[in-house]
Amino acid sequence: MPTQPLSFRTQGVKLSSIRQVAAKMQSAAEQGIKITNFAAGRLDLDSPSRAKKATQKAMEQGWVHYASTMGRSDLRLTLARRLGKDFRLNVDPEQIIITLGATEAMYVALQSLLNPGDEVLVPQPMYVYYEGWAALGGAKTVPVPLDPMDDFLLRAGQVRSRLSSRTKALIINSPHNPTGQVFNEQDLSEIAQMAQEEDFYLICDDVYSYLLYDGVRHFPIATIPGLESRTIMVGSLSKTYAMDGWRVGYLAGPPDFMEHAVKIHQYAVGSANTFVQFGAREVLEDPQDFVQDLQSRLARRRELMLSGLDQMGLPYVRPRGGFYVFPAISRFGYGSERFSEFLFAKAQVAVVPGIAFGPGGEGHVRMAYCTSRPEIEQGLERIAKALSLL
Ligand SMILES: Cc1ncc(COP(=O)(O)O)c(C=O)c1O
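Keep in mind it's a predicted model, so treat the numbers as computed, not measured.

Q: What is the right way to look at helix α10 (residues 289-312) in this model?
A: Since one α-helical turn is 3.6 residues long, residues separated by three or four positions face the same way. Taking 1.5 Å of rise per residue, the 24 residues of α10 would be expected to cover 34 Å, and the 35 Å separating its terminal C-alpha atoms lies within 8% of that figure. Within α10, the full set of buried residues consists of Val291, Leu294, Leu298, Arg301, Arg302, Leu304, Met305, Leu306, Gly308, Leu309 and Met312. Taken from the residues just after α10, Gly313 is the one with a positive phi, measuring 75°.

Q: It is not clear to me how the site of the ligand should be interpreted in this structure. Could you clarify?
A: Near the ligand there are 14 residues, and of these Thr103, Asp205, Tyr208, Ser236 and Lys239 occur at the shortest range. Here Ala102 contributes a backbone N or O atom positioned 2.7 Å from an oxygen atom of the ligand. Contact between the ligand and Thr103: an oxygen atom at 2.5 Å from a side-chain N or O atom of the residue. Considering the ligand on its own, with 400 Å² of exposed area, one finds that the protein chains cover 92% of that surface. Here the element with the most residues in the shell around the ligand is helix α4 (residues 101-113); it accounts for three residues. Considering only residue class, the shell around the ligand consists of five nonpolar, six polar and three charged.

Q: Quick question: what am I supposed to make of the nonpolar core here?
A: A general tendency of soluble globular proteins is for nonpolar side chains to be buried together. Counting residues in hydrophobic clusters, the biggest one holds 64 residues, and the most contacted among them are Leu251, Phe323, Met367 and Leu387. Ile35, Ala156, Val159 and Ile191 belong to the second largest nonpolar core, which has 37 residues in total.

Q: Looking at this model, I keep getting lost on the packing of α4 against helix α8 (residues 255-268). Mind explaining?
A: Angle between the axes and distance between the axes: these two values describe a pair of packed helices. At a minimum axis distance of 9 Å, the contact between α4 and α8 shows a crossing angle of 120°. Put simply, α4 runs oblique to α8. The hand of the α4/α8 crossing is right-handed. Contact residues: Glu104, Tyr107, Val108, Ala109, Gln111, Ser112 and Leu113 in α4; Phe257, His260, Ala261, Ile264, His265 and Ala268 in α8. Class assignment for the residues of the contact of α4 with α8 results in eight nonpolar, four polar and one charged.

Conventions we followed
- Each chain has its residues counted from 1, running along the sequence as written.
- The predicted origin of the model limits local features to residues at a pLDDT of at least 70 and limits the giving and counting of side-chain atom pairs to 80 or more, whereas totals for whole chains, interfaces and linings rest on all residues.
- With hydrogens and water set aside, each side-chain value is computed from the structure's full complement of heavy atoms.
- Only DSSP runs of H or I with at least four residues qualify as helices, and only runs of E with at least two residues qualify as strands; both kinds are numbered from the N terminus onward.
- Helix span, expected: 1.5 Å multiplied by one less than the number of residues in the helix.
- Exposed residues in this analysis have more than 50% of their type's maximum accessible area, buried residues have under 20%, and partly exposed residues fall in between, with area computed by a 1.4 Å probe over protein chains only.
- The cutoff for a nearby residue is simple: one of its non-hydrogen atoms must lie within 4 Å of the molecule or strand.
- In the analysis that follows, any N or O atom pair within 3.5 Å is treated as a polar contact, provided that within protein one partner can donate a hydrogen and the other can accept it, and provided that, for residues neighboring in sequence, both atoms belong to side chains.
- Each accessible area is a Shrake-Rupley result for a 1.4 Å probe, and residues are judged covered by the shown protein chains and nothing else.
- Charged residues are taken to be Asp, Glu, Lys and Arg, nonpolar residues to be Ala, Val, Leu, Ile, Met, Phe, Trp, Tyr, Cys and Pro, and polar residues to be all remaining types, Gly included.
- Buried Ala, Val, Leu, Ile, Met, Phe, Trp, Tyr and Cys residues form a nonpolar core when they are joined through side-chain atoms within 4.5 Å.
- Geometry is summarised by axes, namely lines fitted to C-alpha atoms with helices restricted to the contacting stretch, and by angles between N-to-C directions that run from 0 to 180 degrees.
- Convention used here: angles under 35 degrees read as roughly parallel, angles over 145 as roughly antiparallel, angles from 65 to 115 as roughly perpendicular, and any remaining angle as oblique.
- Each crossing gets its handedness from the near helix: less than a right angle anticlockwise from the far helix is left-handed, clockwise is right-handed.
- Should any heavy atoms of two residues lie within 4.5 Å, those residues are counted as being in contact.

Geometric values such as these leave the question of function open.
Right, here's the structure in full:
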């Protein structure tokens, strides 16, 4: 047995408990128990056929070797055009790296920015990985609370009161996982001004930026004059095009930051997969009918989910984007973990306990409505029945 200690880097890095729910579902399935899945944050739809065709063709044509480190230039150009058209963003394709999903993009972003002792502000409840990515960069996560009584909105005042001389960056994820909230333009503009005055970076995790309801619009911070030099953008095809297994995302930012980022990306993965970049480019071209159809489909699923919660009297803040709702469950007298276990055992429904998103998520559970309407109906019925026993 080796006696050498293993790396200290994984200290403070937890495995995601969302994956633990997936493991529980797997073992239930092996025992023949059908669990309704409100836990997984992935669409039940197939990826667009045009993406598959373009990828198959690329493979047949022999595009099976390494791609360039930053990704294919035609894909980067198409992506820059897409961001320009949809969000008025002016991104130079030379400042984009194609990554293995937003996951790699966030990892690269934080590795490129952080030094030991730095602090990263993260609105909480939060997507669990943020804490681990910050820890892998030697930095500490400073939670900025999102208050359910204030619709889980990110407030400039809350950010200001957590600034310190060590603040390096703030992560903004809007639409927000797990609450489904979209932060408002007024607060984001104030935060942007604060970033300039107090000198910190903004990292925008925009993976849900195409999934919006109630006429709400995505506010791209990098369009504010002066902000392009301190805004780092992370995006992905996973949620917008049901392409999560393809592992295609991107990282875009100012030139000095990108010089660092390209090194981390090269050392971590070399380059993104070559042939999937053909499919990725294909779906980013017009027409965007897949996305339009997805938006209206998810809007209808959201209505179904919310009306079920209304009927059960489960309170929630109305989600405006993404595909999650984060109802409050504390009145049942259980913590979120026990409540989730209860639903799993008695209703055969999997949800994610709010505590998985940090202490700020306690008292809630995350329910995803990216699954089919019959599945949503079945899950709601099962939950209503189980809750009537309490
Ligand atoms: C907020 C957020 N960021 C990043 C990701 C990772 O996305 P990708 O599949 O592009 O790696 C997810 C996936 O659930 C997410 O919810």
